[in-house]
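Residue strings, one per chain:
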Amino acid sequence: MNDQGTAADSAAAVTVPEAVTALGEPGGPAPVSGRGAALAPVALVVAGGLSVQFGSAVAVLLMPRAGALGVVTLRLAVAALVLLVVCRPKLRGHSRADWGTVLAFGVAMGGMNTLFYQAADRIPLGAAVTLEVLGPLALSVFASRRLVNVVWAALALGGVLLLSGGGFDRLDPVGAAYALGAGVMWAAYIIFSARTGRRFPQADGLAMAMVVAAVLSLPLGIMEAGSRLLVPSTLGLGAAVALLSSVLPYTLELMALRRMPAPTFAILMSLEPAIAATAGFLILDQALSTTDALAIALVIGASMGAVRSQVRGRRKAAGG
C-alpha cells in the first residue's frame, strides 16, 4: 500500500494509531454472535471516547495549578512511562529511517497535545474538539479525491462558521487558532502513526514516540510551571489525565478493534465533539447555545459522511 492510500485509510479511521491496532488479532476483527456481543465493542469505543474527553475536562481543571504546558508535560511523561513499562520496546536493530519516522511521530504527537491544551485553556472544550477534528476530516477529503467529499467538507465548513458566529472573536481567535493548529498536527499524527505502525512491531513505535513527545514538552512545562509540577496533588491529577486521556482509551480501543471493523470504529469516533461538549457541560459548566449544538452536529455529520463515502469507495474499488 502506498503512502497516499495509507493516509486515506488512516484518515478514515480518524484517530486510531496503526501502532496500536497492530496489537489486534492478525486476522482482523474477531467474529461476534448475539446482540450483546455486537454491542460490546460499541460500548468500549464510547467508553474510550468518554475517557478521553473527561480526561481533557480534568486537564482544564488542572491548568490553574500547572498551566496548559505543564499539563501537557505531565500527561505525556506519565503516559510514556506506562507505555515503556508495558511495551518494553527494543531499541536495537532499527534503521535511520525508522528513527526518523518515530521522531516525526513524536513531534506530531507533542505538537497536537500542546496546541490542543492551549486551545482548551481559552475556548470551550466542545468547540476546541470540533475545530480540531477538521484536521483529520481535511486529510480524509484531500486523500480520497472523491467529489462527494467536497460536500462533506462544505458541511463541516458551515458548522465551523456557525460555531464562530461569523468571526472567531466570539470564541477567542487565539484559542480557535490553537485548535485549528492542533487539527493540522492531528492529521500529521495520523500519517506518521501509520508509517510507524509499518516499521515497528506491536506498540513499540508508539511507546518510543510518546517518549520523544514527553522529552520535547518537558522544557516547556518546566518553564511554565517549574516546581509546581512536583506538588503531590498536581502529580496525582496529571497522572489521572494521562490514564484517562491516553492509557485507558488506547486499551479500550484496542479491545474494540479486535471485535469490530475499523470503518465502524471510525464512525463512532466522529462523535467525539459531542462527547467533549457533554464533558465540558458536566465538569466545567460550559453550556452550549442551540447554534453551537447545531454547529457541532454539522461537523459530526460531515465526519461520518466522509468515513462512509470512503468505505463505499474502497468496496467499489475492491469489487471492480
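Our structure's up above, just so we're on the same page.
Numbering of residues starts from 1 in each chain and follows the order in which that chain's sequence is written. For a predicted model such as this one, the threshold for reporting local features is a pLDDT of at least 70, and the threshold for listing and counting side-chain atom pairs is 80 or more; totals across whole chains, interfaces and linings nevertheless cover every residue. Water and hydrogen atoms play no part in the side-chain values, which are based on all heavy atoms of the structure.

1. A few points about the overall build of the protein chain
Piece 1. Starting at the N terminus, helices and strands are each numbered in turn, a helix being any DSSP run of H or I of at least four residues and a strand any DSSP run of E of at least two. On a plain count of helices and strands, the protein chain comes out with 13 helices and zero strands.
Piece 2. Along the protein chain, from the amino end to the carboxyl end, the secondary structure elements read α-α-α-α-α-α-α-α-α-α-α-α-α.
Piece 3. Per-residue burial for the protein chain yields a buried fraction of 51% across its 320 residues.
Piece 4. For the protein chain, long-range pairs separated by at least 24 residues make up 89% of all intrachain contacts whose partners lie at least 6 apart in sequence. The classification of residues rests on relative accessible area computed with a 1.4 Å probe and restricted to protein chains. Under 20% of the type maximum is buried, over 50% is exposed, and intermediate values are partly exposed. Any two residues whose heavy atoms approach within 4.5 Å at even a single point are treated as in contact.

2. What to know about the packing of aromatic side chains
Piece 1. Two rings belonging to Phe, Tyr or Trp (six-membered ring only in the last case) form a pair when the distance between their centres is within 6.5 Å. Interplanar angles under 30 degrees mark stacking, angles over 60 mark edge-to-face geometry, and anything in between is tilted. Enumeration over the complete set of coordinates arrives at two aromatic pairs.
Piece 2. Ring plane angle 65° and centroid distance 5.7 Å describe the contact between F116 and Y117, whose orientation is recorded as edge-to-face. Residues F116 and Y117 agree in their burial class; the two are buried.

3. Focus: the environment of L61
Piece 1. Positionally, L61 belongs in helix α3 (residues 35-87).
Piece 2. Separated by 176 residues in sequence, L61 and L237 place their C-alpha atoms 9.2 Å apart.
Piece 3. Setting aside residues no more than four positions away along its own chain, L61 makes contact with I283 and L284.

4. What about the nonpolar core?
It is characteristic of soluble globular proteins that their nonpolar side chains tend to be buried jointly.
Piece 1. Nine residue types can take part in a nonpolar core, namely buried Ala, Val, Leu, Ile, Met, Phe, Trp, Tyr and Cys, and a core is a set of them joined through side-chain atoms within 4.5 Å. M109, F116, Y117, L131, Y189 and M210 are the most contacted members of the largest nonpolar core, which has 65 residues in total.
Piece 2. Here the element with the most residues in this core is α3; it accounts for 15 residues.
Piece 3. For M109, the residues in contact, after removing those within four places along its chain, are Y189, L206, A209, M210 and A213.

5. Focus: the pattern of salt bridges
Piece 1. By definition, a salt bridge exists where a carboxyl oxygen of Asp or Glu is found within 4 Å of a side-chain nitrogen of Lys or Arg. Taken as a whole, this structure holds one salt bridge when the rule is applied.
Piece 2. For D98, the salt bridge is made with R199, and the minimal N-O distance between the two is 2.7 Å. Placement of the pair is D98 in helix α4 (residues 96-120) and R199 in helix α8 (residues 173-199), with a sequence separation of 101 residues.
Piece 3. A residue is classified by how much of its surface remains accessible, and R199, at 39% relative accessible area, is partly exposed.

6. Quick word on the packing of α4 against α8
Piece 1. Axis lines are fitted to C-alpha atoms, over the contacting stretch for helices. Their N-to-C directions set the angle, which ranges from 0 to 180 degrees. In the contact formed by α4 and α8, the axes pass within 7 Å of each other and the chain directions differ by 155°. It follows that α4 is roughly antiparallel to α8 by the angle criterion. Where α4 crosses over α8, the handedness of that crossing is left-handed.
Piece 2. Per-class residue counts for the contact of α4 with α8 are 19 nonpolar, seven polar and three charged. Geometric relationships in this document are graded by angle, where less than 35 degrees denotes roughly parallel, more than 145 denotes roughly antiparallel, 65 to 115 denotes roughly perpendicular, and other angles denote oblique. Note on convention: the crossing is left-handed when the near helix lies turned anticlockwise from the far helix by less than a right angle, right-handed when the turn is clockwise. Gly falls in the polar group here, along with every residue not listed as nonpolar (Ala, Val, Leu, Ile, Met, Phe, Trp, Tyr, Cys, Pro) or charged (Asp, Glu, Lys, Arg).

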